[in-house]
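Observations on chain architecture
Read off the chains here:
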Amino acid sequence: MQINIKATNAKLTPQSHEIINDKIGSLSKYFDNIISADVEVGINSWHHNKGNIYKVVVNLSVPKKILRASAETSDIVKSMNQVKDKLKIELVKYKERR
């Protein structure tokens, strides 16, 4: 599976890249025919009083379909965990329908 990572209004550390690759890569155990994953990580807005709000959007390309999930939290890792959980459910549903 090919993983494309894009940062919008945010700088990703090597640790963030590693976390993203681990979380998205672990989805292959639920469905082994994932073609690619497009991950976009960004700071949603700069005007919040309590810090930055990170938004993570992932588009998974599977045969004949694109699965999408997104999450917004104050931490990139929390956002990735929520997106991974949502995509896991979507992959299981997609696998059952095939």
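Everything discussed here concerns the structure shown above.
Structure report, in brief. (Residues numbered from 1 in each chain as written. Predicted model: local features only at pLDDT ≥ 70, side-chain atom pairs only at ≥ 80, totals over all residues. Heavy atoms only, no water.)

1. As for helix α2 (residues 76-97)
Taking 1.5 Å of rise per residue, 22 residues should cover 32 Å, and α2 covers 31 Å from first to last C-alpha, within 8% of that figure. What α2 keeps buried is the set Ile 76, Ser 79, Met 80, Val 83, Lys 84, Leu 87, Leu 91 and Tyr 94. One side of α2 holds all its buried residues, which, seen down the axis, span an arc of 130°. Its buried side turned inward, α2 meets α1 (14-25), β2 (36-43), β3 (54-62) and β4 (65-73). (Helix = DSSP H or I, 4+ residues; strand = E, 2+ residues; numbered from the N terminus. Expected span 1.5 Å × (residues − 1). Buried < 20%, exposed > 50% of the residue type's maximum accessible area, 1.4 Å probe, protein only. Arc of directions from axis to C-beta. Contact = heavy atoms within 4.5 Å.)

2. A few points about the sheet that holds strand β1 (residues 2-8)
The strand order across the open sheet formed by 4 strands is β1-β2-β3-β4, and the pairing between neighbours is mixed. Pairing within the sheet leaves two strands with one partner each, and these edge strands are β1 and β4. The average angle at which neighbouring strand axes cross in this sheet is 15°, direction not considered. In the sheet, β1 pairs with β2 via 7 bridges, with the strands oriented parallel. Among the inter-strand pairings, Asn 4 is bridged to a residue of β2, identified as Asp 38. Relative to the sheet, α1 contacts β1, β2 and β3, its axis offset from that of β1 by approximately 135°. Sheet strands in contact with α2 are β2, β3 and β4, and its direction is about 155° off that of β4. (Pairing = 2+ DSSP bridges. Axes fitted to C-alpha atoms, helices over the stretch in contact; angles between N-to-C directions.)

3. Section: the packing of α1 against α2
At a closest axis distance of 10 Å, the pairing of α1 and α2 adopts a crossing angle of 15°. Considered as vectors, α1 and α2 are oriented roughly parallel to each other. Once α1 is placed against α2, the crossing between them reads as right-handed. Together, Ser 16, Ile 19, Ile 20, Lys 23 and Ile 24 of α1 and Ile 76, Val 77, Met 80, Asn 81 and Lys 84 of α2 make up the contact between the two elements. Split by residue class, the contact of α1 with α2 holds 6 nonpolar, 2 polar and 2 charged. (Parallel < 35°, antiparallel > 145°, perpendicular 65-115°, else oblique. Left-handed = near helix turned anticlockwise from the far one by under 90°. Nonpolar A, V, L, I, M, F, W, Y, C, P; charged D, E, K, R; others polar.)

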